[in-house]
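Coordinates in review
Here are the chains, one letter per residue:
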Amino acid sequence: MPDIVSKTDNFLKAIEKYAAEQRSKLESEAEDFKEKELNKAEEDGLKEAYVLLQRKMSAINTSIARELSKAENASRKSIFVKRQEIEEKVFARAKERLEAYTATADYETKLLTSVKRIAARLTADDVVLYVKQRDMKYQQKILSAFGRNCTVQPSDEITIGGVTGISRSMGLLADETLDTKLSQQREWFCENSGLKVTE
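Basis of the calculations
Residues numbered from 1 in each chain as written. Predicted model: local features only at pLDDT ≥ 70, side-chain atom pairs only at ≥ 80, totals over all residues. Heavy atoms only, no water. Pairing = 2+ DSSP bridges. Helix = DSSP H or I, 4+ residues; strand = E, 2+ residues; numbered from the N terminus. Patch = residues over 30% accessible without salt bridge, like charges linked within 9 Å, V, L, I, M, F, W, Y side chains within 5 Å. Areas by Shrake-Rupley, 256 points an atom, 1.4 Å probe, with all protein chains shown as cover. Salt bridge = Lys/Arg side-chain N within 4 Å of Asp/Glu carboxyl O. Buried < 20%, exposed > 50% of the residue type's maximum accessible area, 1.4 Å probe, protein only. Expected span 1.5 Å × (residues − 1). Arc of directions from axis to C-beta. Axes fitted to C-alpha atoms, helices over the stretch in contact; angles between N-to-C directions. Parallel < 35°, antiparallel > 145°, perpendicular 65-115°, else oblique. Left-handed = near helix turned anticlockwise from the far one by under 90°. Contact = heavy atoms within 4.5 Å. Nonpolar A, V, L, I, M, F, W, Y, C, P; charged D, E, K, R; others polar. pLDDT = per-residue confidence, 0-100.

The pairing of strand S1 (residues 127-131) with strand S2 (residues 151-154) spans four bridges and is classified as parallel. Across the sheet, valine 128 pairs through a bridge with threonine 151, a residue of S2.

Below, the discussion takes up a nonpolar patch on the surface. A cluster of nonpolar side chains, namely Phe11, Leu12 and Ile15, defines an oily patch on the protein surface of about 290 Å² accessible area. Assignment of secondary structure puts isoleucine 15 in helix H1 (residues 2-101). On the basis of relative accessible area, isoleucine 15 is assigned to the partly exposed category, the value being 39%.

The next subject is helix H2 (residues 105-121). Helix length check: H2 (17 residues) gives 25 Å between terminal C-alpha atoms against 24 Å at 1.5 Å per residue, within 8%. For H2, the set of buried residues is Tyr107, Leu111, Leu112, Ser114, Val115, Ile118 and Ala119. Viewed end-on, H2 has its buried residues packed into an arc of 155°, placing them on one side of the element. Residues of H2 that are exposed and point more than 90 degrees away from the buried face comprise Ala105, Asp106, Thr109, Lys116 and Ala120.

This next bit is on the packing of H2 against helix H3 (residues 139-146). Look at H2 against H3: their axes get within 8 Å of each other, and the N-to-C directions meet at 40°. Comparing their axes, H3 and H2 come out oblique. Considering only the axes of H2 and H3, their crossing is right-handed. Side by side, H2 and H3 meet where Glu108, Leu111, Leu112, Val115, Lys116, Ile118 and Ala119 of the first sit next to Lys141, Ile142, Ala145 and Phe146 of the second. Partitioned by chemical class, the residues of the contact of H2 with H3 number eight nonpolar, no polar and three charged.

Attention now moves to the confidence of the model for the protein. Mean pLDDT for the protein: 84, with 92% of residues reaching 70 or above. Per-element mean pLDDT across the protein ranges from 79 in H1 up to 97 in S1.

Next up, the structure:
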């Protein structure tokens, strides 16, 4: 009987040993599985967080770009307005000086020289010369400077001074007004002044 007890003890010990090995193996596999699942969950979480972070970064970058663009456009508009204000002041002052010039003796000489240039270009007999109402006081001198038959009439379109000649038969207009010359200078000024306005 002791032999049976000894065999039974050995058998039970073997079963316990096997059970312990199996339990240890299962615990180890469970730990490995748990660790793999945690790592996978962590990786998945990191991937999701990365994607979410990228989306948020993209949205922030888009918002910043939009705000910068708005600020840049506002700045450009402000600079453009300032440049226009300066240009208007410059040309308002130039117009004042030209209007003051039209009250000088030099202006009368310039006006009659312009009449002679128009006479050289418009050679027909139907020439009408237009001057500012105030310059009608030079009518006799203008007729004499033209050198042949013409008509002198006032024009509300001439605000500074000078003279415009029109020949309908020739289909030509000769503009020697200070108004037009100032306007042409505005174009030149815009292209060549190098005016830069900074904030």
